[in-house]
Amino acid sequence: EAPASYHDGILFTSEFNPKGKAFKTFPRKFEHPIKRIIVIDDIKHHLTDLQATFEPDIEVIGLHYPLVEKRKHTWDTEAAKQEYERRKPNLRGDL
């Protein structure tokens, strides 16, 4: 889990944050009650997670930006090892 940050009315989270949990901690910090949350996310289930967490008390408007979902991300240990070996000569010794 990575820390979330808040700036100028925008809550920034990462892929490692459960979105509902990250958002749930922030409304208590505002002076006025929150009526609506507008979310842009590349993973559709993050939007449904937020809706399940807040609705019907707070309206959640979710905008799905599917760029990342369209790419197939699978971890390939062998490919990672090969890439590391390829880049190893260029790595600084003090890392």
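Now for a description of the structure that goes with this document. (Residues numbered from 1 in each chain as written. Predicted model: local features only at pLDDT ≥ 70, side-chain atom pairs only at ≥ 80, totals over all residues. Heavy atoms only, no water.)

### So, the nonpolar core
Soluble globular proteins tend to pack their nonpolar side chains together in the buried interior. Counting residues in hydrophobic clusters, the biggest one holds nine residues: Leu11, Phe23, Ile37, Val39, Leu47, Leu50, Phe54, Ile58 and Val60. The dominant element in this core, judged by the number of residues it contributes, is helix α2 (residues 44–54), at three residues. (Core = buried A, V, L, I, M, F, W, Y, C linked by side-chain atoms within 4.5 Å. Buried < 20%, exposed > 50% of the residue type's maximum accessible area, 1.4 Å probe, protein only. Helix = DSSP H or I, 4+ residues; strand = E, 2+ residues; numbered from the N terminus.)

### Considerations on α2
Every buried residue of α2 is listed here: His46, Leu47, Leu50 and Phe54. Mapping the buried residues of α2 onto a view down its axis gives an arc of 100°, with all of them on the same face. Structural note: α2 exposes His45 and Ala52 on the side pointing more than 90 degrees away from its buried face. Check the buried side of α2 and you find it contacts α1 (19–25), β3 (36–41) and β4 (59–64). (Arc of directions from axis to C-beta. Contact = heavy atoms within 4.5 Å.)

By themselves these figures say nothing about function.
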